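Here are the chains, one letter per residue:
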Amino acid sequence: MNRFKTSKFKNTTPKIAKKDGWINNVRAGSFSCQGNHIKANSKLVAFNTEQAGGGMLGLSSVKPGSDGQWTVTQISCHSDLVTDMDFSPFDESLLATCSGDETVKLWRLCDPELEQPSSPELTLRPGQGRLELVHFHPTSSGLLAVGAAKSPLIWDTGRQDSPLAVLEQHSDQLQSLSWKQDGSLLASSCRDKMLRVFDPRAQLTPVQSAKSLQNNKDSRILWAKDDFLLTTGFDMMRGREVRLWDSRKLSSSVSTVSLGTSSG
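What counts, and where the lines are drawn
- Counting of residues starts from 1 at the beginning of each chain's written sequence and follows it residue by residue.
- Only residues with pLDDT of at least 70 get local features here, since the model is predicted, and only at 80 or more are side-chain atom pairs given and counted; chain-wide, interface and lining totals rely on the full set of residues.
- Hydrogens are left out, water is left out, and the side-chain values use all remaining heavy atoms of the structure.
- UniProt positions are given in the numbering used here, feature names are shortened, and annotations may be inferred rather than shown by experiment.
- Helix and strand definitions here come from DSSP, where helices need a minimum of 4 consecutive H or I residues and strands a minimum of 2 consecutive E residues; each element is numbered from the N-terminal end.
- The size measure is the radius of gyration over C-alpha atoms, and the globule rule it meets is 2.2 Å times the number of residues to the 0.38 power.
- Buried means the residue's accessible area, taken with a 1.4 Å probe over protein chains only, is under 20% of the maximum for its type, while exposed means over 50%, and partly exposed covers the values in between.
- Any two residues whose heavy atoms approach within 4.5 Å at even a single point are treated as in contact.
- Residue-level accessible areas treat just the shown protein chains as cover; the underlying method is Shrake-Rupley with a 1.4 Å probe.
- A pair of strands is treated as paired once DSSP finds two or more bridges between them.
- Axes here refer to lines fitted to C-alpha atoms; in helices the fit is confined to the stretch in contact. Angles between the N-to-C directions go from 0 to 180 degrees.
- Every case where a carboxyl oxygen of Asp or Glu lies within 4 Å of a side-chain nitrogen of Lys or Arg is listed as a salt bridge.
- A cavity, in this analysis, means grid points on a 1 Å lattice covering only the protein atoms where a 1.4 Å probe fits yet has no way out; a pocket is instead an open set bounded by protein on both sides within 12 Å along at least five of seven lines, and a residue lines either one if it has an atom within 4 Å of a point.
- Grid points are joined across faces, edges and corners, and a volume is the space filled by probe spheres set on the points.
- Gly counts as polar in this scheme, as do all residues outside two lists: the nonpolar Ala, Val, Leu, Ile, Met, Phe, Trp, Tyr, Cys and Pro, and the charged Asp, Glu, Lys and Arg.
- Each nonpolar core is a collection of buried residues, namely Ala, Val, Leu, Ile, Met, Phe, Trp, Tyr and Cys, held together in the definition by side-chain atoms within 4.5 Å.

By the naming in an unreviewed UniProt entry, the protein is Coronin, taken from Lates japonicus. We quote the UniProt Subcellular location (unreviewed entry) comment for the protein here in full: "Cytoplasm". In its Sequence similarities (unreviewed entry) section, the UniProt record describing the protein reads: "Belongs to the WD repeat coronin family."

So, in structure tokens, the structure goes:
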């Protein structure tokens, strides 16, 4: 019996919306970074652009205007590539960005039809080199998780001078961060193939960790329901895969789905 099963997603194709549902005049970038290239909430969509070396973001509304068209505008955010962005779960107009220019900035955005702010509401300078990841805490409006090259930082935006916590340094490039829905735990994936779960309120070292990933290429981690984590990445044969983990036992995954072989 062949233990290798063909993925039911192997021949999956996307269903493309009709052209009247497209947002046009978008010049998106294709830059290499660990964070998100696009982010949305119920009101706005922000995305990387090719302008100013990636230091500008494109901005559009989720819904079209009264004429049925979408307005696309740009906002100059950083002097280097915008590596990640995240909308506040408490304020639809508040966007956090981080960059290769080693700063985190908070932006108070307007509707795309209006003039956007020329300066941020707040700038943080962690002094950790290029920053790759930024995530708002899901239950505390003033907290951010910031990912430097190898160190996750917990930052209270009310005190700009230094982070609340600098979590244990990873041995290689930090690739992904994700808060648990109740904000009690922070998970990370790393180029060293390790998964780590932190309780930042209790200790700076992981409460769970294991060398669980098969490949060090482009992993992502996301809290699913309760104590379960989802990761995306690649297996040893460079096939794309999604794995489900119990955060209380990271030594082996609960289930794995193969999405086919990468051509890259």
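A. Expanded view of the overall build of the protein. A count of helices and strands for the protein gives zero helices and 20 strands. Computed over the C-alpha atoms, the radius of gyration of the protein is 19 Å, within 12% of the 18 Å expected from 2.2 N^0.38 for a compact globule of 264 residues. With respect to the principal axes defined by its C-alpha atoms, the protein has extents near 60 × 50 × 30 Å. Relative to its full complement of 264 residues, the protein shows a buried share of 45%. Looking at the protein alone, contacts between residues at least 24 apart form 42% of all its contacts between residues at least 6 apart. Of the accessible surface of the protein, which amounts to about 14,000 Å², a share of 48% is contributed by carbon and sulfur atoms.

B. Broad picture of the sheet that holds strand E16 (residues 208-211). The four strands lie next to each other as E13-E14-E15-E16, forming an open sheet whose pairing is antiparallel. Each having just a single partner strand, strand E13 (174-179) and E16 make up the two edges of the open sheet. Across the sheet, the axes of successive neighbouring strands diverge by a mean angle of 10°, strand direction being ignored. Where strand E15 (residues 194-198) lies against E16, four bridges are found, and the strand directions are antiparallel. Across the sheet, residue valine 197 finds its bridge partner in E16, namely glutamine 208.

C. Up close: the sheet that holds strand E12 (residues 165-166). If you trace the four strands from one edge of the open sheet to the other, you get E9-E10-E11-E12, paired in antiparallel fashion. Every other strand in the sheet has two partners, leaving strand E9 (133-136) and E12 as the edge strands with one partner each. Pairing between strand E11 (residues 152-156) and E12: two bridges, direction antiparallel. The partner of leucine 153 across the bridge, within E12, is valine 166.

D. Spatial organisation of the pattern of salt bridges. Following the criterion strictly, the structure yields twelve salt bridges and no others. Salt-bridge contacts for lysine 39 lead to aspartate 86; the nearest nitrogen and oxygen are separated by 3.6 Å. Here aspartate 86 lies in strand E5 (residues 82-87) and lysine 39 lies in strand E1 (residues 38-40), a separation of 47 residues in the sequence. Residue lysine 39 is classed as partly exposed on the basis of its relative accessible area, which comes to 22%. Through salt bridges that share partners, Lys180, Asp227, Asp246 and Arg248 make up one connected network.

E. Geometry of empty space enclosed by the protein. Counted by the stated rule, this structure contains one cavity of 30 Å³ or more. Put simply, the largest cavity is a space of about 60 Å³. Listing elements by their share of the lining of the largest cavity, those giving two or more residues are strand E18 (228-234) and strand E19 (239-246). When residues in the lining of the largest cavity are grouped by element, the largest group, four residues, is from E18. Here the lining of the largest cavity is composed, by residue class, of two nonpolar, six polar and two charged.

F. How the structure looks around the nonpolar core. Ranked by internal contacts, the top residues of the largest apolar core, which has 15 residues, are Val104, Leu106, Val134, Leu144 and Val146. Broken down by secondary-structure element, the contributors of at least two residues to this core are strand E6 (94-99), strand E7 (104-108), strand E8 (122-124), E9, strand E10 (143-147) and E11. With three residues, the single largest contributor to this core is E6. Contact partners of leucine 106, with chain neighbours within four places excluded, come to Leu94, Leu95, Ala96, Pro120, Glu121, Leu122, Phe136, Leu144 and Thr157.

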